[in-house]
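What the coordinates show
As a plain string of letters, each chain reads:
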Amino acid sequence: QVQLVESGGGLVQAGDSLRLSCAASGRTFSNHAMGWFRQAPGKEREFVAAIGWSGGSTYYGDSVKGRFTISRDNAKNTVYLQMNSLKPEDTAVYYCAADSRTYYRGRDYSRTSMYDYWGQGTQVTVSS
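Parameters and conventions
- Residues numbered from 1 in each chain as written.
- Predicted model: local features only at pLDDT ≥ 70, side-chain atom pairs only at ≥ 80, totals over all residues.
- Heavy atoms only, no water.
- Helix = DSSP H or I, 4+ residues; strand = E, 2+ residues; numbered from the N terminus.
- Rg over C-alpha atoms; globule rule 2.2 N^0.38 Å.
- Buried < 20%, exposed > 50% of the residue type's maximum accessible area, 1.4 Å probe, protein only.
- Contact = heavy atoms within 4.5 Å.
- Areas by Shrake-Rupley, 256 points an atom, 1.4 Å probe, with all protein chains shown as cover.
- Pairing = 2+ DSSP bridges.
- Axes fitted to C-alpha atoms, helices over the stretch in contact; angles between N-to-C directions.
- Polar contact = N/O pair within 3.5 Å; in protein donor to acceptor, adjacent residues only side chain to side chain.
- Core = buried A, V, L, I, M, F, W, Y, C linked by side-chain atoms within 4.5 Å.

Further remarks concern the overall build of the protein chain. Across its full length, the protein chain holds zero helices and eleven strands. A globule of 128 residues ought to have a C-alpha radius of gyration of about 14 Å, and the protein chain, at 14 Å, matches this closely. Considering only C-alpha atoms, the protein chain reaches an extent of 40 × 30 × 25 Å along its principal axes. Taking all 128 residues of the protein chain together, the buried fraction comes to 41%. Partitioning the intrachain contacts of the protein chain with sequence separation of at least 6 by distance along the chain shows that 59% fall at a separation of at least 24. A total of about 6,400 Å² of accessible surface is found on the protein chain, and carbon and sulfur atoms cover 44% of it.

To continue, consider the sheet that holds strand 8 (residues 78-83). Here four strands make up an open sheet; going across it, the order is 1-3-8-7 and the pairing antiparallel. Looking at strand neighbours, the two that pair on one side only are strand 1 (3-7) and strand 7 (68-73), the edges of this open sheet. Between one strand axis and the next, the sheet turns through 15° on average, direction left out of account. Two strands pair when backbone bridges link them, and strand 7 and strand 8 are joined in this way by six bridges, in the antiparallel orientation. Within strand 8, the residue paired with Thr 69 across the bridge is Gln 82.

Moving on: the pairing of strand 7. For a regular strand, the rule is simple: side chains alternate between the two faces of the sheet. Side chains Phe 68, Ile 70 and Arg 72 of strand 7 all project onto a buried face; the interleaved residues Thr 69, Ser 71 and Asp 73 project onto a face where none is buried. Taken together, strand 7 and the strand that follows it, strand 8, pair antiparallel across an intervening segment of four residues, in which Asn 77 is found at a positive phi of about 55°.

Okay, unusual backbone geometry next. The general pattern is negative phi for most residues beyond glycine and trans for most peptide bonds. Notably, Asn 77 is not glycine yet its phi reads approximately 55°, a positive angle. Residue placement: Asn 77 occurs in the loop between strand 7 and strand 8. The class of Asn 77 is buried, set by a relative accessible area of 13%.

Take the environment of Asp 62 next. Topologically, Asp 62 is positioned in the loop between strand 6 (58-60) and strand 7. Using a relative accessible area of 68% as the deciding quantity, one classes Asp 62 as exposed. Taking C-alpha positions, Asp 62 is 14 Å from Met 83, a pair spaced 21 residues apart along the chain. Within the structure, Asp 62 has its side chain in polar contact with the side chain of Lys 65 (distance 3.2 Å).

Take the nonpolar core next. Judged by nonpolar contacts, the single largest core of 26 residues is most densely connected at Met 34, Trp 36, Leu 81, Met 83 and Tyr 94. Mapped onto this core, the elements with two or more residues apiece are strand 3 (18-25), strand 4 (32-39), strand 5 (46-51), strand 7, strand 8, strand 9 (92-102) and strand 11 (122-127). When near neighbours in sequence (up to four residues on either side) are disregarded, Leu 81 contacts Leu 18, Arg 19, Leu 20, Trp 36, Val 48, Ala 49, Phe 68, Thr 69, Ile 70 and Tyr 94. Listed in part, the nine residues of the second largest apolar core include Ala 33, Ala 50, Tyr 109 and Met 114.

Right, let's talk about the environment of Gln 13 for a bit. Looking at where Gln 13 falls in the secondary structure, it is placed in strand 2 (residues 10-13). When the C-alpha atoms of Gln 13 and Thr 28 are compared, they prove to be 35 Å apart, with 15 residues separating the residues in sequence. Not counting chain neighbours up to four residues away, the residues in contact with Gln 13 comprise Val 126 and Ser 127.

From the geometry alone we can't say anything about function, so treat these as descriptive.
This is how it looks when you write it as structure tokens:
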């Protein structure tokens, strides 16, 4: 059974940093894209970042470019999201996602429909 488990969320102040982790189990995702999305109360799920199989290809939502960095450790089957210069508008539940298909550069990994597996989410709250 495939599981994605997020960790690292919490309550921080504006300007602080957090690093989220997503540990996958049940299968290896070393050849697959993985991504992070977030959802604030009353809003749709929003693309945050995605990463290709080797880490050489990364994608970011406009609202986090220059502040967030996605990375992965295939040996640990884990993907990370380093979040710097956090703002109150970054407050949301953050979800990890994985594509069951082999990574392909031509896919639009900003779309939730590209992913087959999802974690339960971790809450990030940024106070002003």
